[in-house]
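# Tertiary structure, described
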Amino acid sequence: MATATDTPATPPPQHTIHILPAPFTHSPLTLLAQGAEALVYRTVFLTPHTPCVLKYRPPKPYRHPILDKRLTKARLLAEARVLVKCRKDGVTVPAVLGLDAENGWMVLEWVEGGSVRGVLDGWVAGGGRFEGVEAGNGVWGLMRRIGRAVGRVHDIGVCHGDLTTSNLMVRTGASAVRGESEGPQTQTQMQRPKRLTPSALREAAMTSDAPPVFELPPEEPPPPPSKAQSTSDLEGDIVLIDFGLATQTVQDEDRAVDLYVLERAFAATHPGAEALFQEVLRSYGESYKGGRSVLRKLEDVRLRGRKRSMLG
Amino acid sequence: MIALGLEGSANKIGIGLISHPSANEPPIVLSNLRHTYPTPPGEGFLPKDTAIHHRAWVVRLIKQAVRQAGVKIEDIDCICYTKGPGMGAPLQSVALAARTLSLLWGKPLVGVNHCVGHIEMGRAITHASNPVVLYVSGGNTQVIAYSAQRYRIFGETLDIAIGNCIDRFARTLMIPNDPFPGYNVEQLAKKGKNLVDMPYAVKGMDASFSGILAAADLLAAQIDENLPLEKRLKTEDGELVTKADLCFSLQETIYAMLVEITERAMAHVGSTQVLVVGGVGSNKRLQQMMGLMARDRRGSVFATDERFCIDNGIMIAHAGLLEFKTGVTTKLEDSTCTQRFRTDEVFVGWRD
């Protein structure tokens, strides 16, 4: 083009390593994900053998510091409150082990397993086909459990806000959660609400600025993250993660939009799985009292899309 | 190939001529003229008066643009005009001018989506290959990414456009409209330093700006100089809050919202490039904030200056010519305009 452009002075791209606030300054950290808001690490908390997820919202350099503090604090607290409410009402979500709203970090229980997205991709890679799955296949059970899990969250008055197959996990193997030693979990156990951490630990961790050191029973170091996906991964509790966009609401509209987002995410990431997704919706409809009217609302939402028509 | 572009979806009428020499060469801007309908401080532009303004200027500008470009009428391959979205009456005036020229000169018409015009112009100028696009102007606020022959809207405003929010904020504070309200707000904001709390409404990749206006009305009343001193709005340190502080706070708040939804879209589609287009995109503070965000993501930000950011005829000519080259024209009987025309309705046949 003949004309010069006025590109703003962007400093040269560089790898910014965020220095984490205490007590994580010297923790072993493995970056799991970088979202728009938060960095998610695998690390240890309180003891060197307690694996956990650290969700850190670094200060945004573009935002005015006062505004940044205000937003980080409000969002972190909102997310933590939703998670605590879910735990209290028996929805399987990672437990909040500790947080510091001023410094933007929250520590969550480590959930052993893989995302539904990974599990389904692994299932396809292992020869599974979304079309014409026979009735006895474990993948139907997985769909039913997803439907029930979403229904359960909606039933207690929470909308996730960002339901994708990446934000649904299938907990696998032995219970990775402290305080339980019943051995491998089976499907029949999934409905039972769990009080997994000693409540004293959790409350102390949430209220004190510097987490005190607790005497914990010695335990096995965490197993390495599972690599290969097999069909046995279809079994296991559905754990919802990432409540960063969650809201507390009981409106059918919000719930229907939640389902619509999940439906679109399913269609985008798992082409051909439409029939399977119907099973998610069916079991959602049966999972709680308001489920059917939400499904009716979903038809409206589908017709107009999530977005309204654009004005001007 | 040469195209003439006519743009008049809001208070600016823009006429431009662009040439696409060949597939591998960058387009050449032959002329790019614009005239803005001016309004006094405290007032916006009404569709009817804006249409009258456009009708009064369109012939003059076309004559001047063709003369400046130094092309003969025979050299022009198509007439491109804004089909929408925009204000009805101004759109109609310009569409009428386009139809007249098409019949007079015997040239095919191409109706162009205004938003696609902005995106394509931004891409051509900055050479950004596949960026996440933030389109911010007086009538639109969208976060867009390209996928499978469409510009898909990932996030957008839930109520009013950001430029509309700034313009009306300026009106409330009686900030002049010349050259445009956003520019004056930007200059005033440089003198502000105290951050006043304003509603910050981001929902996923969408944002809402109407609450800011309601807050602005209340704040403006509290900084009125006729109020007794003890009733005036003060900071925590007892300093009087000024008009400049409000402009500063407005910019810090709403641009942070824009950068946030853009960042979320970038994380979602896994892109590191961001392109800012539309009139509000010429704001230096927004560009700076976007740059800081992009740096953190190890990406880069692309922006253009006011010649191409603010509505212009060139972008319509450019996007229209791209479409024309894929064999698409608008028949005379279909050469309507529409106030509602979503970006994702356009089939983008010219990209892979």
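All of these numbers come straight from a predicted model, not from anything done at the bench.

### Things to note about the UniProt feature "binding site: substrate" (unreviewed entry) in chain B
Residues and elements named next belong to chain B.
- Here, the residues flagged by UniProt with the feature "binding site: substrate" (unreviewed entry) are Tyr-135, Val-136, Ser-137, Gly-138, Gly-139, Asp-167, Gly-182, Glu-186 and Asn-283.
- Inspection of the secondary structure assignment puts Gly-139 in the loop between strand S6 (132-136) and strand S7 (141-147).
- Taking relative accessible area as the criterion, Gly-139 reaches 34% and is therefore assigned partly exposed.
- By secondary structure assignment, the location of Gly-182 is in helix H5 (residues 181-189).
- For Gly-182, a relative accessible area of 16% corresponds to the buried category.

### A short note on the pattern of salt bridges
- A full pass over the atoms with the stated rule returns 31 salt bridges over all chains.
- In this structure, Asp-155 of chain A engages Arg-152 of chain A in a salt bridge whose closest nitrogen and oxygen atoms are separated by 3.7 Å. Taken together, the residues Asp-155 of chain A and Arg-152 of chain A, both in helix H3 (residues 138-155) and three residues apart, mark about one turn of the helix.
- The salt bridge involving Glu-306 of chain B is made with Arg-34 of chain B; its shortest N-O contact spans 3.2 Å. Note that Glu-306 of chain B is positioned in helix H9 (residues 306-309) and Arg-34 of chain B in strand S3 (residues 28-36), a separation of 272 residues in sequence.
- Note on Glu-306 of chain B: relative accessible area 40%, which makes it partly exposed.
- Under the relative-accessibility criterion, Arg-34 of chain B is labelled partly exposed at 27%.
- Connected through salt bridges with shared partners, the residues Glu-37, Lys-55, Arg-57, Arg-63, Asp-68, Arg-75, Glu-79 and Asp-242 of chain A together with Glu-260 and Arg-264 of chain B form a single ionic network.

### Some thoughts on the pairing of strand S8 (residues 168-171) of chain A
Residue and element names in this part refer to chain A.
- Burial of S8 is two-sided: the residues Leu-168 and Val-170 facing one way and the residues Met-169 and Arg-171 facing the other way are all buried.
- As defined by bridge partners, strand S6 (residues 113-115) adjoins S8 across three bridges and the pair is classed as antiparallel. Within S8, the position partnered with Ser-115 by the bridge is Met-169.
- Alignment of S8 against strand S9 (residues 238-240), held across three bridges, turns out to be antiparallel. Bridging from a neighbouring strand, Val-170 pairs with Ile-238 of S9.

### What to know about unusual backbone geometry
- The step from Gly-84 of chain B to Pro-85 of chain B runs through a cis peptide bond, and the omega angle for that step is -5°.
- Position of Pro-85 of chain B relative to the elements: it lies in the loop between strand S4 (76-84) and helix H2 (88-105).
- In this model, Asp-178 of chain B is joined to Pro-179 of chain B through a cis peptide bond whose omega is 0°.
- A positive phi is found at Leu-46 of chain A, a non-glycine position, where the angle reads about 70°.
- Within the secondary structure, Leu-46 of chain A sits in the loop between strand S2 (39-44) and strand S3 (51-56).
- The phi angle at Ala-148 of chain B is positive, at roughly 45°, despite the residue not being glycine.
- Of note, Ala-148 of chain B is situated in the loop between S7 and strand S8 (150-156).

### Some remarks on helix H2 (residues 116-125) of chain A
All names here are of chain A.
- Taken together, the buried positions of H2 are Val-116, Val-119, Leu-120, Gly-122 and Trp-123. The buried side chains of H2 occupy one side of the element, clustering within an arc of 160° when seen end-on.
- Residues of H2 that are buried sit in contact with S6, H3, S8, S9 and helix H5 (252-269).

### Some thoughts on the side chain of Asn-312 of chain B
All names here are of chain B.
- Relative to the helices and strands, Asn-312 is located in the loop between H9 and helix H10 (313-325).
- A distance of 3.2 Å separates a polar side-chain atom of Asn-312 from the backbone oxygen of Phe-308.
- Within the local environment of Asn-312, its side chain forms a polar contact with the backbone nitrogen of Met-315, the two atoms lying 2.8 Å apart.
- Every residue in contact with Asn-312, bar those within four places of it in the chain, is listed here: Glu-7, Gly-14, Asn-32, Arg-34 and Arg-307.

### A short note on the pairing of strand S4 (residues 96-100) of chain A
Residues and elements named next belong to chain A.
- Burial within S4 is extensive, with five of its five residues counted as buried.
- Pairing between S4 and strand S5 (residues 105-109): four bridges, direction antiparallel. Each bridged residue has a counterpart across the sheet, and for Asp-100 the counterpart in S5 is Trp-105.
- Between S4 and S5, which pair antiparallel one after the other, the connecting turn spans four residues, and Gly-104 there sits at a positive phi close to 80°.

Calculation rules
- Residues numbered from 1 in each chain as written.
- Chains lettered and ligands numbered in written order.
- Predicted model: local features only at pLDDT ≥ 70, side-chain atom pairs only at ≥ 80, totals over all residues.
- Heavy atoms only, no water.
- UniProt positions renumbered as here; feature names shortened; annotations may be inferred.
- Helix = DSSP H or I, 4+ residues; strand = E, 2+ residues; numbered from the N terminus.
- Buried < 20%, exposed > 50% of the residue type's maximum accessible area, 1.4 Å probe, protein only.
- Salt bridge = Lys/Arg side-chain N within 4 Å of Asp/Glu carboxyl O.
- Pairing = 2+ DSSP bridges.
- Arc of directions from axis to C-beta.
- Contact = heavy atoms within 4.5 Å.
- Polar contact = N/O pair within 3.5 Å; in protein donor to acceptor, adjacent residues only side chain to side chain.

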